[in-house]
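A structural walkthrough
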Amino acid sequence: SVANALQNGNLAPAAALPPYTTKAEFVAAWKAGTPPDVDALAGAWDGELQFLGVLAPIGGFITHNLFPVRGGKRWLGKRFDRRGDVGTNRFGSPDGDVLGRDFQFTISPSRYDGKDALVLNYAAAPTPDLLWGTALRMRDELREIAPGLFLGLGSMRASGGMHNSAPFVLRRSADASGADAAVDGEVPGDDIAAEAVESGGV
């Protein structure tokens, strides 16, 4: 929305750690970050939505109720493959992480400020999700503000792109098993949107 975009503010980049009281503070800290070392990404990362901006309630509902794949519950974070440029999202379940909603990751110019960021492109995944990747063109842009601490802006081209984004934080997971799971194989393929619809997920 226009209001959500305006709440990005126009503050100068300011290196600051969480918590943040406004979306403008978050965006200023994100702008001060740097692209992470992609060779150090492999493994599991814990995610946390930031309840900032007028669209925060809607963003939380989408992320935890519509975005999860079949069998998954709340969004937990992300996982990056040890081999290549592919990652996936992690969702909670009684039996452990459920993986899905794949993305391709690169260091590329941001669509927000033109400076380099870690870009997660859902439309460019090897098997892009029909809804979130192909139709909605989901894209995340992340920067590192401290070792093992990323700030992210999540967006969909269909709803206004990066300037109408939702803020989130990624931290290196303390669960070593999540990191080890990426060693022996590629990130599992995602459930397509049709399967999610069938299960009532989206």
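The preceding data block contains the structure.
Residues numbered from 1 in each chain as written. Predicted model: local features only at pLDDT ≥ 70, side-chain atom pairs only at ≥ 80, totals over all residues. Heavy atoms only, no water.

Attention shifts here to the pattern of salt bridges. Oppositely charged side chains may form a pair once their charged atoms are brought near each other. Summed over the entire model, instances satisfying the criterion amount to seven salt bridges. Between arginine 90 and aspartate 46 there is a salt bridge, with the nearest N and O atoms lying 3.0 Å from each other. One end of the pair, arginine 90, is in strand S3 (residues 86–91); the other, aspartate 46, is in strand S1 (residues 43–49), and 44 residues separate them in sequence. Owing to a relative accessible area of 5%, arginine 90 belongs among the buried residues under this scheme. (Salt bridge = Lys/Arg side-chain N within 4 Å of Asp/Glu carboxyl O. Helix = DSSP H or I, 4+ residues; strand = E, 2+ residues; numbered from the N terminus. Buried < 20%, exposed > 50% of the residue type's maximum accessible area, 1.4 Å probe, protein only.)

In this section: the packing of aromatic side chains. Each aromatic ring pair is specified by the distance between its two centres and by the angle formed by the two planes. This structure, assessed with the given rule, holds ten aromatic pairs. Between the aromatic rings of tyrosine 20 and phenylalanine 26, the centroid separation amounts to 5.4 Å while the plane-to-plane angle is 80°, which identifies the pairing as edge-to-face. Look at tyrosine 20 and you get buried, because its relative accessible area is 9%. On the basis of relative accessibility, which here comes to 0%, the residue phenylalanine 26 falls in the buried class. Ring geometry for phenylalanine 67 versus phenylalanine 91: centroids 5.6 Å apart, planes at 70°, classification edge-to-face. Here phenylalanine 67 is found in the loop between helix H3 (56–66) and strand S2 (75–80), whereas its partner phenylalanine 91 is found in strand S3, with 24 residues between them in sequence. (Phe/Tyr/Trp six-rings, centres within 6.5 Å; stacked < 30°, edge-to-face > 60°.)

What follows deals with the side chain of aspartate 81. By secondary structure assignment, the location of aspartate 81 is in the loop between S2 and S3. Within polar-contact distance, the side chain of aspartate 81 engages the backbone nitrogen of arginine 83 at 3.4 Å. (Polar contact = N/O pair within 3.5 Å; in protein donor to acceptor, adjacent residues only side chain to side chain.)

Phe80, Leu118 and Leu120 are the most contacted members of the largest nonpolar core, which totals 20 residues. A total of three residues in this core trace back to one element, the largest contributor, which is strand S4 (residues 98–109). Sequence-distant contacts of leucine 120, defined by excluding residues within four places in its chain, comprise Lys78, Phe80, Phe103, Gln104, Phe105, Met138, Arg139, Asp140 and Leu142. Ranked by size, the runner-up nonpolar core spans twelve residues in total, among them Tyr20, Phe26, Leu149 and Leu153. (Core = buried A, V, L, I, M, F, W, Y, C linked by side-chain atoms within 4.5 Å. Contact = heavy atoms within 4.5 Å.)

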